[in-house]
Amino acid sequence: MAALSATGFAAALKQHYTDERIENMVYKDNPFLAMVAKYEDFGGENLKLPIKYGNPMGRSANFTTAQTNVTGGSIKAFLLTRIKDYAIAQIENEVLEASKGNANAFLEAAVFAIDGSIQAATRSLAVALYGNGKGSIGVVSTSDSTTITLATTQDITNFEVDMSLVSSADESGGTVGAAILVTGINRDTGVLTMGADPSTIFTSTLKYIFVEGDYATDSTALLKVSGIAAWLPSTAPGSTDSFFNVNRSADVDRLGGIRFDASSLPIEEGLIGAAARAARAGGKPDYCFMNYSNFADLEKSLGSKVSYVEKNIKPEIGFRGILIHGPRGPINVIPDQNCPNGVAYMIQMDVWKLYSLGKAPRILSGDGLKQLRVYNADAIEVRVGYYGQLGCRAPGWNVRIGL
């Protein structure tokens with residue numbers, strides 16, 4: 001019996017990794033990524049996202065004054081640009097040759113590597129959707145000759161064994177140290193065991209942690225999706241702000257979202273206060289995303305008053321949350337491991353969209369092939385990735401809540 005050919009494997013790969021299967025793998029444990037609307041035809045150099053943040057001001061009780069003061073209204077246009085992200089799987093040809101005539105046998109042997117790459121790209125996108133576009137996945141608290149301790153234990157969900165990490169004193173625009181592999185993870189304590197001495201490379205000064213290749217040495221050219229934290233920054237945009245070609249300081253709330261400090265309030269009171277603030281601005285938030293740790297605090301705080309809700313995206317994909325009531329309707333509070341600890345995002349879901357060139361993520365096959373020969377190794381390669389960006393049509397209807 002002849003060995004399974006590359007052509008035969010390509011057919012098996014195409015049949016096994018359908019768009020529906022990849023979508024299910026991608027969305028299952030990533031609520032915001034699952035729920036946000038998708039636009040998968042983001043072609044061209046950029047995508048213009050116009051936002052009206054002020055009405056024409058030709059109004060007065062005096063006709064002449066109204067006519068004199070006529071303006072055209074206040075409009076800005078965010079020019080979204082795509083970022084790129086990749087995850088690569090390689091499988092030795094010996095495995096291919098050993099699966100003689102049996103495509104399913106090969107797929108069983110290869111599925112670990114390919115599924116792993118899909119999950120890696122998914123986790124990268126899901127984490128970035130909450131980020132500020134700069135790519136940091138954690139902050140160093142302390143380090144010694146073998147380990148790094150994270151400043152926030154909950155950030156441990158962003159790390160995996162064999163990740164290659166670098167550090168920097170800032171989040172972009174500076175320099176990075178040597179890359180070091182993660183060889184062990186304690187998910188209870190937030191401690192990473194490293195393959196080389198990290199004590200001089202990951203410190204309280206060189207504190208921001210990045211996956212190698214994700215750090216932008218040019219602060220104006222971010223390499224990751226500009227997520228919710230970029231659209232709703234923790235501090236109001238200032239006079240030097242430039243976000244997708246827009247200076248948001250002209251109206252920091254309508255162009256840069258609402259900031260609500262709930263750190264001194266019981267968590268449920270903080271959420272209601274934030275909802276009232278969004279309502280005052282004209283928003284009608286229907287979802288609030290937060291870390292599992294903060295969600296547990298809310299659940300315990302509500303006690304017997306808690307009201308649960310199930311949000312099903314598809315029959316096989318659903319999320320359980322807590323229902324609270326805001327001034328403009330019910331709000332579904334959903335826990336998401338990708339949301340940073342100590343912050344919640346109360347959003348109006350219908351003004352957010354993930355814009356991408358094709359599905360995000362997906363097996364890249366621009367030439368029609370889902371697998372390639374590795375030119376310098378006896379192996380084949382499967383490339384997973386995406387080209388996309390997150391957009392918001394009305395930042396001022398959404399709230400960043402400090403908990």
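So, a few notes on the structure that sits alongside this text.

**Some words on the pattern of salt bridges**
Taken as a whole and assessed by the stated rule, the structure comprises 10 salt bridges. Its salt-bridge partner being R259, residue D253 comes within 3.6 Å of it at the nearest N-O pair. Taking the shortest distance from any N to any O, the salt bridge between D253 and R277 comes out at 2.5 Å. Separated by 24 residues along the polypeptide, D253 in helix α8 (residues 252-256) and R277 in helix α9 (residues 267-280) bring together distant segments of the chain. Each of D85, D214 and K224 takes part in salt bridges that share partners, so that together they form one network.

**Re the pairing of strand β10 (residues 208-211)**
In the sheet, strand β5 (residues 138-143) pairs with β10 via 2 bridges, with the strands oriented antiparallel. When the bridges of β10 are listed, G138 appears paired with I209. By the bridge criterion, 4 bridges tie strand β7 (residues 164-168) to β10 in an arrangement that is antiparallel. Counted as the bridge partner of S167 is I209 from β10.

**Section: the environment of E316**
The residue E316 is located in the loop between β13 (308-314) and β14 (317-326) in this model. Classification of E316 by relative accessible area gives partly exposed; the value is 40%. It is 8.2 Å that separates the C-alpha atoms of E316 and K28, two residues lying 288 residues apart in sequence.

**Topic: the sheet that holds β5**
Spatially, the 6 strands close up into a barrel ordered β5-β6-β9-β8-β7-β10, and their pairing is antiparallel. Shown here is a sheet whose adjacent strand axes are inclined to one another by a mean of 50 degrees, direction ignored. Pairing of β7 with strand β8 (residues 180-186), which is carried by 2 bridges, proceeds in the antiparallel orientation. Residue pairing in the sheet places L165 in a bridge with I180 of β8.

**So, the nonpolar core**
Counting 60 residues, the largest nonpolar core has F32, W231 and W352 as the members making the most contacts within it. For this core, the element with the most residues is helix α6 (residues 103-128), which contributes 7 residues. Residues contacting F32, with those up to four places away along its chain left out, are L129, Y130, I228, F289, D336, I347, M349 and L390. In this structure, I258, L271, F295 and L302 belong to the second largest nonpolar core, which totals 22 residues.

**Section: the side chain of R123**
Mapped onto the secondary structure, R123 falls in helix α6. Despite its burial, R123 remains without a salt bridge, the nearest opposite charge being carried by E160 at 5.2 Å. Each residue touching R123, except ones within four places of it in the same chain, is listed here: N30, T157, N158, Q337 and N338.

**Section: the environment of T71**
Within the secondary structure, T71 is located in the loop between α4 (63-68) and β3 (74-80). Overall, the relative accessible area of 37% leaves T71 in the partly exposed class. Separated by 13 residues in the primary sequence, T71 and G58 have C-alpha atoms spaced 5.9 Å apart. Residue contacts for T71: discarding those within four places in its chain leaves N55, P56, M57 and G58.

**What to know about the packing of aromatic side chains**
Tallied over the full model, the rule gives 14 aromatic pairs. Aromatic pair F32 and W352: ring centres 6.4 Å apart, planes at 85 degrees, arrangement edge-to-face. On the criterion of sequence distance, the pair formed by F32 in helix α3 (residues 31-35) and W352 in strand β17 (residues 352-356) is long-range, its members being 320 residues apart. In terms of burial, F32 and W352 fall into one category: buried. Ring centres of F42 and Y355 lie 6.5 Å apart, and the angle between their planes is 80 degrees; this geometry places the pair in the edge-to-face category. With F42 in the loop between β1 (37-39) and β2 (47-54) and Y355 in strand β17, this residue pair connects regions lying 313 residues apart in the sequence. The same class applies to F42 and to Y355, which are both buried. Cluster of aromatic residues (ring-pair linked, three or more members): F32, Y130, Y287, F289, Y345 and W352.

**Remarks on the sheet that holds strand β11 (residues 258-261)**
Ordered in space as β11-β21-β16-β12-β15-β14-β13, the 7 strands form an open sheet in which the pairing is mixed. The strands lining the two open edges of the sheet, one partner per strand, are β11 and β13. The average angle at which neighbouring strand axes cross in this sheet is 30 degrees, direction not considered. Two elements, strand β16 (residues 343-347) and strand β21 (residues 399-402), share 4 bridges in a ladder whose sense is antiparallel. Across the sheet, Y345 pairs through a bridge with R400, a residue of β21.

**Brief notes about α9**
With 14 residues, α9 ought to run about 20 Å at 1.5 Å a step, and its terminal C-alpha atoms sit 20 Å apart, in line with that. Three or more residues of α9 are buried, namely I267, E268, G270, L271, A274, A275, R277, A278 and A279. Directly after α9, the chain includes G282, whose backbone phi takes a positive value near 100 degrees.

**Considering the packing of α9 against helix α10 (residues 292-302)**
It is the contact of α9 with α10, at a shortest axis distance of 8 Å, that shows an interaxial angle of 105 degrees. Considering the angle they form, α9 stands roughly perpendicular to α10. Between α9, through I267, E268 and L271, and α10, the contact on the second element is made entirely by N294, D297, L298, S301 and L302. Along the lines of polarity and charge, the residues of the contact of α9 with α10 split into 4 nonpolar, 2 polar and 2 charged.

What counts and how
Residues numbered from 1 in each chain as written. Predicted model: local features only at pLDDT ≥ 70, side-chain atom pairs only at ≥ 80, totals over all residues. Heavy atoms only, no water. Salt bridge = Lys/Arg side-chain N within 4 Å of Asp/Glu carboxyl O. Helix = DSSP H or I, 4+ residues; strand = E, 2+ residues; numbered from the N terminus. Pairing = 2+ DSSP bridges. Buried < 20%, exposed > 50% of the residue type's maximum accessible area, 1.4 Å probe, protein only. Axes fitted to C-alpha atoms, helices over the stretch in contact; angles between N-to-C directions. Core = buried A, V, L, I, M, F, W, Y, C linked by side-chain atoms within 4.5 Å. Contact = heavy atoms within 4.5 Å. Lys, Arg positive; Asp, Glu negative; His and termini not counted. Phe/Tyr/Trp six-rings, centres within 6.5 Å; stacked < 30°, edge-to-face > 60°. Expected span 1.5 Å × (residues − 1). Parallel < 35°, antiparallel > 145°, perpendicular 65-115°, else oblique. Nonpolar A, V, L, I, M, F, W, Y, C, P; charged D, E, K, R; others polar.

Everything listed here is a matter of coordinates, which is why it stays silent on function.
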